[in-house]
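Given next are the chains, with one letter for each unit.
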Amino acid sequence: MCATTSKESFMLEAINLSIENVKSGNGGPFGAVVVKDGVIIARGANSVTSTNDPTAHAEVVAIRNACKALGSFQLDGCEIYTSCEPCPMCLGAIYWARPDKMYYANTKADAAEIAFDDQFIYDEIEIPVESRKLVTEQMMRDEALEAFRLWETSNKKIDY
């Protein structure tokens, strides 16, 4: 863990992670840090190509590392600093992690200018399922509802 003192220093760490990631060739130009009580508790850099994991975006990596460090599946009392406005997947992950605040540097328009354009995903979300580019078919709903029925009555569930 690295003690720092300002929002700018936290963002600078996320930006430096993105720069170092490009120089190392480990993945795309994205970095993120999670801060709790004025201390960086986790870092993440994009490692999609080096790990063959399309979900290994900087924000997701940082969230995974922070949750592990905290022993929690939520980031209560935390802030996340990311070198770029999050893609739809990362934005969803950030909302699910529930940090108190998010800061970002580059915009999604900046990312689109270097061929990291997620607008098609934002557009697809607005389209009815049957009209999306990804052929999607619902099946076996009745069988799948069993898990939901069990969840409703389970005394082992942890709400999130």
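Scroll up to find the structure this text is about.
Residues numbered from 1 in each chain as written. Predicted model: local features only at pLDDT ≥ 70, side-chain atom pairs only at ≥ 80, totals over all residues. Heavy atoms only, no water.

Engineer: If you had to explain unusual backbone geometry to someone new, which residues and values would you point to?
Structural biologist: The backbone phi angle of arginine 98 is positive, close to 60°, even though this residue is not glycine. Tracing the backbone through its elements, the reader meets arginine 98 in the loop between α4 (88-97) and β5 (101-106). One non-glycine residue, methionine 140, adopts positive backbone phi at about 55°. Following the sequence through the fold, methionine 140 ends up in the loop between α6 (119-126) and α7 (141-153). (Helix = DSSP H or I, 4+ residues; strand = E, 2+ residues; numbered from the N terminus.)

Engineer: I'd love a proper account of the pattern of salt bridges, names of residues and values included.
Structural biologist: A full pass over the atoms with the stated rule returns four salt bridges. Close ionic contact of lysine 23 with glutamate 20 constitutes a salt bridge, the shortest N to O distance being 4.0 Å. In this pair, lysine 23 and glutamate 20 both sit in helix α1 (residues 7-24), three residues apart, roughly one turn of the helix. Owing to a relative accessible area of 46%, glutamate 20 belongs among the partly exposed residues under this scheme. For arginine 64, the salt bridge identified is with aspartate 53, shortest N-O distance 3.8 Å. In this pair, arginine 64 sits in helix α3 (residues 58-70) while aspartate 53 sits in the loop between α2 (48-51) and α3, placing the two residues 11 residues apart along the sequence. Overall, aspartate 53 belongs to the partly exposed group, its relative accessible area being 23%. (Salt bridge = Lys/Arg side-chain N within 4 Å of Asp/Glu carboxyl O. Buried < 20%, exposed > 50% of the residue type's maximum accessible area, 1.4 Å probe, protein only.)

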